[in-house]
Structure formats: structure tokens, C-alpha cells
2 protein chains.
Amino acid sequence: MSRSGADLALLLLGGFRGLVDAATEELARRGYQDVRPVHDFAMRAIAAGADSASDLGRNLSVAKQSAAKTIAVLVERGYVIREPDPHDARRKRLQVTPLGFEVMREGEAIFDELRIRWQRQLGTAEFANFEGQLAKLVGAGSVRFDTPGWMARGLDGSA
Amino acid sequence: MSRSGADLALLLLGGFRGLVDAATEELARRGYQDVRPVHDFAMRAIAAGADSASDLGRNLSVAKQSAAKTIAVLVERGYVIREPDPHDARRKRLQVTPLGFEVMREGEAIFDELRIRWQRQLGTAEFANFEGQLAKLVGAGSVRFDTPGWMARGLDGSA
DNA sequence: GACGATAGACAGCCTGGCTGTCCTTGTCCA
DNA sequence: TGGACAAGGACAGCCAGGCTGTCTATCGTC
């Protein structure tokens, strides 16, 4: 097989984009037109415990200022609320609102459907194998979220 | 396995980023510090025949104006030259310079090394299988290059 | 009590997308 | 042959998301 390393990278990108593009479209069709994948991922991280801007930044591997921008959008749209932390006056605790959870559930469902579609394409056993290998190769490490950024500028330390 | 569809997407993104980040770093170490993956991909497309801004845009699935910006950078850095097309006065023909090819060769080599590293991790046969499945799932379709953009805004028609 | 670390916010900047508009040049058909 | 329409390229203007640097308030620790 004369496939090159660059092709491999493109396939991975293509796969990601395919999934995410489809999910975004479907989410819009279901009425959540102002939600972008990055918002979904951020809410997920917040719900999982990254309840401050700095935390979120670390979690998503972006600068805290970038995280703060995303948070501002989420707050503005009612997906997240920001309230003072009773134990630390410096912090503003983040919480996903019911509406936010609604979007997350919807997004999760869509992604799962897409995954099942892939599963059917390969067959269950093959797919499980594929997914396991992918996980093995990529590792459970954190994933950065930007891209034009990183693509154009390279990666710098964050936060 | 309780892996979710969103995880799958993140694994793909993680894989892509892992490869590309490593490649960019290595390229910088070898002295090409102003080259970004997007430039490499663009040159590849140009060398493969996308010899005008509009072509390149279609090929990379970005608007021709975006392609034009990238081209401007490549020209400025001496990786690509732009000359009038003798057969069509509207077009400016693009050509990769020797320096550009040098970078491409270097990038290709790095990507290949990374691919071989993955190959070792899974074993040759397993890896071939993995790659084949990935290709099958993603399809040979074109891959868009942007990301923060598309991640934040979704995708619109291009060119 | 003082110093260093951390959270958050402001300002400013960059890159890379996109759109719209305009002009030039080709093409194709009446 | 002329006119309509398509296509290439370039300009201007806008947006999102990242980053850095700087500042203040607050915590924690010595």
C-alpha cells in the first residue's frame, strides 16, 4: 500500500470533520442552530467538573482567555451560568443549565447515531477492533480544540 | 464498551493533531520554521494540479479568497510562484518552487516516519487493516482544512 | 504580615475563514 | 458578430477563536 503518512493524517481529519459536520447539521435541524461543536465539548467539560475558566482552559488545552470567551458565549445563550464561588472569592463557578444539558443530550444522541452508522459499515466486531486500535494509537491524552489556529501558528504552551 | 460517539470524534481529532503537531515540530527542528501544515497541504494540492487560486480553493474545500490568502503567504516565502497563464489571461498559474518541493519532501518524510511508528505500535498487519478500515469509513472524499472556523461557524458553501 | 501563585478581566493583536462587489476575460449561443 | 453569462482574481470588510501581556483581587503558605 503506497499510502503516505500525510494521507493518514488527512483520513483522520476527514473522519473527524465528517462526524462533526454531520452532527452540527443535524443539531441545527433539530432546532439548536446556535450550537457549535466547540460549545458542546466545552459544556461537556464543564459538566464533568471543569467549573472555572482556568479549569476549562486546562481541560481543553487552550488559554484561559480563550476559554473565557467561549464561556461568555455559553452564558449569553443560557447554556451555562456563572456564579460566585462561596469558598473562593476569586473564582466564578460554572454550571450547565437544564437547557445546556438538553443540548448535550441531543448532541450525544446524534453522535451515537453516527457511531452506530459506522459500526454497521464495518460490522460490530470489526468496528470494536478499529475503535480499540484508534484509542491505542491516540492514547487517552487530552485533545486540543483549536485548529486553524494551531494549523497556522503551531502550538504554544497554553494557560 | 461504553465509548460514546463524541469520544470517537475526539479520538480522530486527537490522532490528527498528534500527527500534525509532531510533524510541525520536527519540521521546525529541521530548519523550516515558517511552514505550517496548511502550507504543506496546499503545496501538495498545487503540485498535484490545482494550479490556480480557484482550483486550490475547490480542492481544499475553502473559499477561493481563503485559498488566495494562503497562496500569498506561500509566494511571499518563496515556496510557490505565480505567473500569468499564456492561454487564459484571467488565470495566474501556480507552480511550486524547488524550495517548496524541498519542504514537501521533508514533510512527507516526517509524516512517513510517524506512520511507521504507528505501524510498529499495532503491528504491520493490524495497522494495514486499521488504515483500510479508516479509509473505508471516511471515504476518499475531499477533506476540508479549516477548523476553528468550521468548528465555530459550521460549514457553508465555498468558492 | 509578606510574598508568591491563582482567578478573572481588559486590551490588543494575529490568523484564517466568509461574504459581497467589481473588473477582466472566456465561452457559447443566437 | 455581439451579447449574455460564467469564471478568475483582487479588494474591502467582517467574524470567530486563539494568544500575549498586564492588572487587580484573593488565597495560601512560610
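Parameters and conventions
Residues numbered from 1 in each chain as written. Chains lettered and ligands numbered in written order. Predicted model: local features only at pLDDT ≥ 70, side-chain atom pairs only at ≥ 80, totals over all residues. Heavy atoms only, no water. Helix = DSSP H or I, 4+ residues; strand = E, 2+ residues; numbered from the N terminus. Buried < 20%, exposed > 50% of the residue type's maximum accessible area, 1.4 Å probe, protein only. Contact = heavy atoms within 4.5 Å. Areas by Shrake-Rupley, 256 points an atom, 1.4 Å probe, with all protein chains shown as cover. Phe/Tyr/Trp six-rings, centres within 6.5 Å; stacked < 30°, edge-to-face > 60°. Axes fitted to C-alpha atoms, helices over the stretch in contact; angles between N-to-C directions. Left-handed = near helix turned anticlockwise from the far one by under 90°. Nonpolar A, V, L, I, M, F, W, Y, C, P; charged D, E, K, R; others polar. Expected span 1.5 Å × (residues − 1). Parallel < 35°, antiparallel > 145°, perpendicular 65-115°, else oblique.

Chain A carries the name MarR family transcriptional regulator in an unreviewed UniProt entry, which gives Actinoplanes utahensis as its organism.

Colleague: Tell me about the overall build of chain A, and please be specific about residues and values.
Modeller: Helices and strands together make up the secondary structure of chain A, namely seven helices and two strands. A buried classification covers 47% of the 159 residues belonging to chain A. Across chain A, the fraction of contacts at a sequence separation of at least 24, relative to all contacts at a separation of at least 6, is 54%. For chain A, the accessible area works out to roughly 7600 Å², and carbon and sulfur atoms hold 50% of it.

Colleague: How would you summarise the packing of aromatic side chains if you had to cite specific residues and measurements?
Modeller: Within this structure, the stated rule accounts for five aromatic pairs over all chains. Consider the rings of Phe130 of chain A and Phe130 of chain B, whose centres lie 5.1 Å apart with planes at 20°: the pair is stacked. Taken together, the residues Phe130 of chain A in helix α6 (residues 124-138) and Phe130 of chain B in helix α6 (residues 124-138) connect one chain to another. For the residue pair Phe130 of chain A and Phe130 of chain B, the accessibility class agrees, reading buried in each case. Here the aromatic cluster, defined as three or more aromatic residues joined through ring pairs, consists of Phe127 and Phe130 of chain A together with Phe127 and Phe130 of chain B.

Colleague: Lay out the packing of helix α2 (residues 37-47) of chain B against helix α3 (residues 53-60) of chain B in plain terms, naming residues and giving numbers.
Modeller: Residue and element names in this part refer to chain B. Orientation of α2 relative to α3, taken along the N-to-C sense of each, is 115°, at an axis distance of 10 Å. Between α2 and α3 lies a crossing of right-handed hand. Counted together, Ala42, Ala45 and Ile46 of α2 and Leu56, Asn59 and Leu60 of α3 form the full contact between these two elements. Split by residue class, the contact of α2 with α3 holds five nonpolar, one polar and no charged.

Colleague: A description of the environment of Gly31 of chain A should follow, citing residues and the corresponding values.
Modeller: The topology assignment puts Gly31 of chain A in the loop between α1 (5-29) and α2 (37-47). Measuring from C-alpha to C-alpha, the distance between Gly31 of chain A and Val103 of chain A comes to 9.8 Å, with 72 residues separating the pair along the chain.

Colleague: Before we move on, could you go through α6 of chain A and cite the residues and values that matter?
Modeller: Helix length check: α6 of chain A (15 residues) gives 21 Å between terminal C-alpha atoms against 21 Å at 1.5 Å per residue, within 8%. Buried residues of α6 of chain A: Phe127, Phe130, Glu131, Gln133, Leu134, Ala135 and Leu137 of chain A, and no others. If you follow the buried residues of α6 of chain A, they end up packed against α1 and α5 (98-122) of chain A together with α1 (5-29), α5 (98-122) and α6 of chain B. Trailing α6 of chain A by a residue or two, Gly139 of chain A shows a phi angle of about 85°, which is positive.

Colleague: Please provide a residue-by-residue account of the packing of α1 of chain B against α5 of chain B, values included.
Modeller: All names here are of chain B. Two numbers describe how α1 lies on α5: the axes approach to 10 Å, and their chain directions differ by 135°. Classified by the interaxial angle, the pair formed by α1 and α5 is oblique. In the packing of α1 onto α5, the handedness of the crossing is right-handed. Across the interface between the two elements, Gly15, Leu19, Val20, Ala22, Ala23, Glu26 and Leu27 from α1 touch Glu106, Gly107, Ile110, Phe111, Leu114 and Trp118 from α5. Residues that form the contact of α1 with α5 fall into these classes: nine nonpolar, two polar and two charged.

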